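Now for the letters of each chain:
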Amino acid sequence: MARNVIDEPSEDVVAVAKKERAARRNPFSRIALFVRQVFSELRKVVTPTRGELFSYTGVVLIFVVIMMAIVFGLDQLFGWLVLVAFGK
């Protein structure tokens, strides 16, 4: 038998939402809240080390080369099929 689970937000989330809703009345406070949130998110950003950066770049370049080869191969195949079907 399936349980009846109701997803309700916790009380602290509701309190924070009510607090933010009250602070949103003034457009300047909304801008200030946005700027504060941007700075708090920027503090969470972790920059990769030099080795990680080269590793990620290599992975991306290899992936792009593989995808280019697949697209090139499909293009050649479809071109050949068109030539076979319709002639020169």
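All of these numbers come straight from a predicted model, not from anything done at the bench.

### With respect to the overall build of the protein
Then step 1. When helices and strands are tallied, the protein shows three helices and zero strands.
Then step 2. In the protein, the succession of helices and strands from N to C terminus is α-α-α.
Then step 3. Taken over 88 residues, the protein has a buried fraction of 1%.
Then step 4. Of the accessible surface of the protein, which amounts to about 8,800 Å², a share of 68% is contributed by carbon and sulfur atoms.

### Quick word on helix α3 (residues 50-86)
Then step 1. Look at α3: 54 Å from first C-alpha to last across 37 residues, which is about the 54 Å you get at 1.5 Å a residue.
Then step 2. Of the residues trailing α3, G87 is marked for its positive phi of about 75°.

### Concerning the confidence of the model for the protein
Then step 1. Of the residues in the protein, 84% reach a pLDDT of 70 or more, and the chain-wide mean stands at 85.
Then step 2. Per-element confidence in the protein is highest for α3, whose mean pLDDT is 97, and lowest for helix α1 (residues 11-23), whose mean pLDDT is 72.

About the thresholds
- Residues numbered from 1 in each chain as written.
- Predicted model: local features only at pLDDT ≥ 70, side-chain atom pairs only at ≥ 80, totals over all residues.
- Heavy atoms only, no water.
- Helix = DSSP H or I, 4+ residues; strand = E, 2+ residues; numbered from the N terminus.
- Buried < 20%, exposed > 50% of the residue type's maximum accessible area, 1.4 Å probe, protein only.
- Areas by Shrake-Rupley, 256 points an atom, 1.4 Å probe, with all protein chains shown as cover.
- Expected span 1.5 Å × (residues − 1).
- pLDDT = per-residue confidence, 0-100.

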